[in-house]
Amino acid sequence: MLFQGDYLDGSWDLTILVTDVPIPERQVEKTLRVKGDLHIGGVMFRLVEALEIAMDWSDHALWWPDKNMWLKHTRSTLDQCGVQADAKLQFTPMHKIVSVQLPDLQVREMRVDFSVDVFKSIIQVSKELGIRHPEELSFHRKLEKEDLKRNNNLAKGIVRKKKRDPSNQNRTSNGSNLSNNSGNLNGDGSGSPYISRSPATPSTPQGTLLRTPGTPGSSPWSTYNGTMSPSSVHSLSFVDATDYQLVNSPLTPTRVALDVLPRPKSFSEKARINGSWMDSSRSLYEQEIRENDVVCLRYKFFTFYDLNPKYDAIRINQIYGQAKWALISEEIDCTEEEMIMFAALQLQVSLQSKEPQNDTLDNNHMEEDDIDAALTDLQISLEGTSVSSPGDITHIPELSDYLKFFKPKKFTLKSFKRCWFTFKDTHVAVYKSKEDANGTALMRVNLKGCEVSPDVNITNQKYGIKLFVPSSDGMNEVWIRCDTEHQYARWMAACRLASKGKTMADSSYDSEVQSITAFLSMQHTPKDPVVTPSQINFNAEDFIAPRFLRKLKSKQLATKILEAHANVRHLALVDAKMSFIKACQALPEYGITYFIVKFQGSKKEELLGIASNRIMRMDLNSGDALKTWRYSTMKSWNVNWEAKLVIVDFEEEKVAFACLTADCKIIHEFIGGYIFCSMRSTDKNQALNEEMFHKLTGGWS
């Protein structure tokens, strides 16, 4: 007997749309008579029985579109889940095809589990791609160019919903009627130069389809001698679609890459890029990602743990690719000399990737490196630090020399004074002369917690260090000028360590000096004769950020790149990539993630920078650090979800701010993620602790 649409026994009709069914329509709608005490597993069992279709249903699960949630707890009842008669559920596969744009801009179509959190998806994707340490990676959304112009709804935790063709959105690549409005990388409804889909294309054994620029089927434009030339579109061939293309990326013309890359022109636009990171604690489906959409796989945490050429050829190439495109798209700033050096390293990588590599020599070299590293680790564990005198472990090295210094003030002419400097522990003292070193110092600065930036121009023999020292009034700026490269390398290394609270007795001091010296040496004009552009056929524009193209002509650029290339032409393929990565890590902006925020009690917008070891309050226009807080002094961090405030409690003070360009969960996740990365041990067999990651990044929501 019926009563207002329900049976007297309390049962009611539940409508379920079943997708990916092997019938022409690809979907079917079923109505089941259920009670509120029926568990989710029972609903799925009764649904499969009612369908009477012989197929494997093990990958299907119930999705509730209106509530934006999966019903995966099979023992929970409909009442416990809140499902009532007005609910419209879907019975859909958990694994779906998604187009993953890799850090080097290649695109792979991969089967990804849409029902698990993004962190677990990243682990699965990284395993399939052969990339170690997936905790350093994450997904972010494909950005449209207009996203850089304004603070969007992502700051409020709202995802901009795309218009979808309802007849297409539930179809799979098997019968594919694929949506064009979400499946391209250009954001303009046109086909991407990076991806081309074909219904007749078979999948690879790994279940991924590789699309790369410059390969058949990827675009009607192919690369030829570094230039673009039209060619006919061929059917897709998977002869080259191997992991080799993950180890060595095909050459992508810059003009093509810049069509899909964001090109920020200010710190505000750099900050808006970071509003597109996905929540690691929620699934792709819950974040409005649907089948055949494009997601970007990127390195999110710039603490590359145990980067070993022996095991990480793919990982190194992807880190190199992301850093390269960040420089070319001007997401990371650098000087003209540095850009030429990076272009020379790119050219060496391009040339070496065409040459057979001597694996035997490389393996022997890597085994020697492993032995040296093991001995170094043993020495550090026994001694605590590397010291200048093996017999005196209490001795802390000191520096003293004549340097020039300048303390900039408003409306003051730049005038450097030559003074006697001493560096002890983490303190720098300035005296009028060497003879006055035992007297009262003109200035004494503790560099712990300060910001250190290089100010170098090799051509003009300018070796400067800019120090932003925290004080009660904000950050005081001090400029130091060295006379020689050797002097600069020693003082710069000491300043960098001191900013982290370390002294020159630390084991990393010598390697820091060597790294700085190597970085400078790559920018020298070589003494050896340089080959001419006609001897090496390459397009200089493919290695240079656009703003430098406006200053120099292509022939001038090519000559400068070849001059710089003479310094790195001896490097093997992996060594050239590693040198590129290390050189990027020396840039002031590398590894800093920006957000636009409003601090509690302040009405103006400011820039927040998050790095691997610190948080910075910065000027929105200039990017200058106004105040720095180290993680080592942080006691707690959490989110006030009602007020949308991130609250960080340091030993010296408590700060709170609202983010205008991203959801506050993203900032919380960056802080917790870097803390998680810093907790990784030297045990190579350690398992990835997913529970700890979510505990540190979840915001206790």
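All values reported here derive from a predicted model rather than from experimental measurement. (Residues numbered from 1 in each chain as written. Predicted model: local features only at pLDDT ≥ 70, side-chain atom pairs only at ≥ 80, totals over all residues. Heavy atoms only, no water.)

Points about the pairing of strand β28 (residues 654-659)
Just so we agree on the cut-off: In short, DSSP must find at least two bridges between two strands for them to pair. Elements are defined by DSSP. Helices are runs of H or I of four residues or more, strands are runs of E of two residues or more, and each kind is numbered from the N terminus.
As paired strands, strand β22 (residues 593-599) and β28 are joined by three bridges and run antiparallel to one another. Paired with V597 across the bridge in β28 is C659. Pairing between strand β27 (residues 645-650) and β28: four bridges, direction antiparallel. What sits directly across from V646, in β28, is F657. The hairpin turn running from β27 into β28, its antiparallel successor, is three residues long.

Some thoughts on the confidence of the model for the chain
Short version of the rule: Known as pLDDT, the predictor's confidence for each residue is given on a scale from 0 to 100. What makes two residues a contact is simply this: any of their non-hydrogen atoms within 4.5 Å.
Summary statistics for the chain give a mean pLDDT of 81 and a share of 77% for residues scoring 70 or more. Scored below 50 in pLDDT, residues 165-242 shows 156 contacts in the model against residues more than four places distant or in partner chains. Within the model, pLDDT remains below 50 along residues 380-393, and this stretch shows 14 contacts once partners closer than five positions in the same chain are excluded.

A word on the sheet that holds β27
Spelled out, the test is: Only C-alpha atoms enter the line fits that serve as axes; for helices the fit covers just the stretch in contact. Angles between N-to-C directions range over 0 to 180 degrees.
Strands sit in the order β25-β24-β23-β22-β28-β27-β26 across an open sheet of seven strands; the sheet is antiparallel. Whereas interior strands pair on both sides, the edge strands pair on one side only; in this sheet they are β25 (625-630) and β26 (634-640). Ignoring which end each strand starts from, the neighbouring axes of this sheet average 30° apart. Against the sheet, helix α15 (residues 664-678) engages β22, β23 (606-610), β24 (614-618), β26, β27 and β28, with an angle of about 155° to β26.

Overview of the packing of aromatic side chains
Under the convention used in this document: Classification of ring pairs rests on two measures: the distance between centres of Phe, Tyr or Trp rings, Trp counted by its six-membered ring, which must be within 6.5 Å, and the angle between planes, read as stacked under 30 degrees, edge-to-face over 60 and tilted in between. Throughout, exposure labels follow a simple rule: accessible area from a 1.4 Å probe, protein chains only, divided by the maximum for the residue type, with under 20% read as buried, over 50% as exposed, and the rest as partly exposed.
Taken as a whole and assessed by the stated rule, the structure comprises 28 aromatic pairs. Centre to centre, the rings of W57 and F91 are 5.9 Å apart; their planes meet at 25°, and the pair counts as stacked. Here W57 is found in the loop between α1 (40-51) and β5 (60-64), whereas its partner F91 is found in strand β7 (residues 88-93), with 34 residues between them in sequence. Neither residue differs from the other here; W57 and F91 are each classed as buried.

A closer look at the sheet that holds strand β4 (residues 27-34)
In space, the five strands of this open sheet follow the order β4-β3-β7-β5-β6, with mixed pairing throughout. Whereas interior strands pair on both sides, the edge strands pair on one side only; in this sheet they are β4 and β6 (69-71). Averaged over all neighbouring strand pairs, the angle between strand axes comes to 35°, with direction disregarded. Both β5 and β7 contribute to a ladder of four bridges, which runs antiparallel. Residue pairing for β7: H60 is matched across the bridge by P93. Running over the sheet, α1 touches β3 (12-19), β4, β5, β6 and β7 and is turned about 125° from β4.

A word on the side chain of H133
Among the secondary structure elements, H133 is positioned in the loop between α3 (118-129) and β10 (137-141). Leaving out residues up to four positions away in the same chain, H133 has contacts with Y305, D306, R315 and R680.

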